[in-house]
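Residue strings, one per chain:
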Amino acid sequence: RLIECVLGPARLALAEGHLEEARRLNGEIVLPDDATIASAVLAAKSLLEAQIALDGGNDIREVSNALAQARAEMEKGAIVGNQKKLYESSADLIDGDSHLRRHDAGAALPLLQRALAVRQSFMVPPNPRLAEAQALLAMCFLELGNTEQAQELASAAAAIEAHYDHLAERYRNPLRE
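The structure reproduced in this document is the subject of the present report. Quick caveat: nothing in here was measured; it's all calculated off a predicted structure.

Some words on the environment of Leu111
Its place among the elements puts Leu111 in helix α6 (residues 105–122). By relative accessible area, which is 11% here, Leu111 ends up buried. Here the alpha-carbon distance between Leu111 and Pro125, two residues 14 residues apart in the chain, equals 21 Å. When neighbours within four sequence positions are excluded, Leu111 is seen to be in contact with Asp92, Asp95, Gly96 and His99.

A look at the packing of helix α5 (residues 81–101) against α6
One way to put it is that α5 packs onto α6 with a least axis distance of 8 Å and a crossing angle of 155°. Taken as axis vectors, α5 and α6 run roughly antiparallel relative to one another. α6 is crossed by α5, and the crossing has left-handed handedness. Facing Asn82, Lys85, Leu86, Ser89, Ser90, Asp92, Leu93, Asp95, Gly96, Asp97, His99 and Leu100 of α5, the residues of α6 in contact are Ala105, Ala107, Ala108, Leu111, Leu112, Arg114, Ala115, Val118, Arg119, Ser121 and Phe122.

What about the side chain of Arg119?
Position of Arg119 relative to the elements: it lies in helix α6. Of note is the side chain of Arg119, whose polar atom sits 3.1 Å from the side chain of Ser90. Beyond its immediate sequence surroundings of up to four residues, Arg119 is in contact with Leu86, Ser89, Ser90, Leu93, Arg129, Leu130, Glu132 and Ala133.

Scoring rules and cut-offs
- Residues numbered from 1 in each chain as written.
- Predicted model: local features only at pLDDT ≥ 70, side-chain atom pairs only at ≥ 80, totals over all residues.
- Heavy atoms only, no water.
- Helix = DSSP H or I, 4+ residues; strand = E, 2+ residues; numbered from the N terminus.
- Buried < 20%, exposed > 50% of the residue type's maximum accessible area, 1.4 Å probe, protein only.
- Contact = heavy atoms within 4.5 Å.
- Axes fitted to C-alpha atoms, helices over the stretch in contact; angles between N-to-C directions.
- Parallel < 35°, antiparallel > 145°, perpendicular 65-115°, else oblique.
- Left-handed = near helix turned anticlockwise from the far one by under 90°.
- Polar contact = N/O pair within 3.5 Å; in protein donor to acceptor, adjacent residues only side chain to side chain.

Structure, rendered in structure tokens:
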């Protein structure tokens, strides 16, 4: 909950498409004194930085550096359980999306498959984070020419989306494409 409170304003700015505001707010986040909590905040902050870089033009160096920092924090062992699964799957999802946006579906495929598998291991439908992974993997399969699996995943994601009256654009956009 603390992490959500700390990152909330930056995440909201990103969700509203205000990339520079999101980048500024993310940069202003002060790490807590407790090393374990600081590690989790830094990992979350780095994931947000990677998402901002992805949405801001997909500069491969910016995305990769932010993901490397997030993954390094995750490896320290302070982040455990479902929080670690969420962070790991988020890193894979951002990484896969970055490859997909550069039309490198072959590199995106294992990352997106792993992200979805990890999310399915601890999330229950109709969780929009499952739909996010399903939709991106569907786009990847479509780019690879596997329309049957793409349709199956897109339908599953759309079924989850139908459960919500209001859902952030990051969850709806892949289904529109």
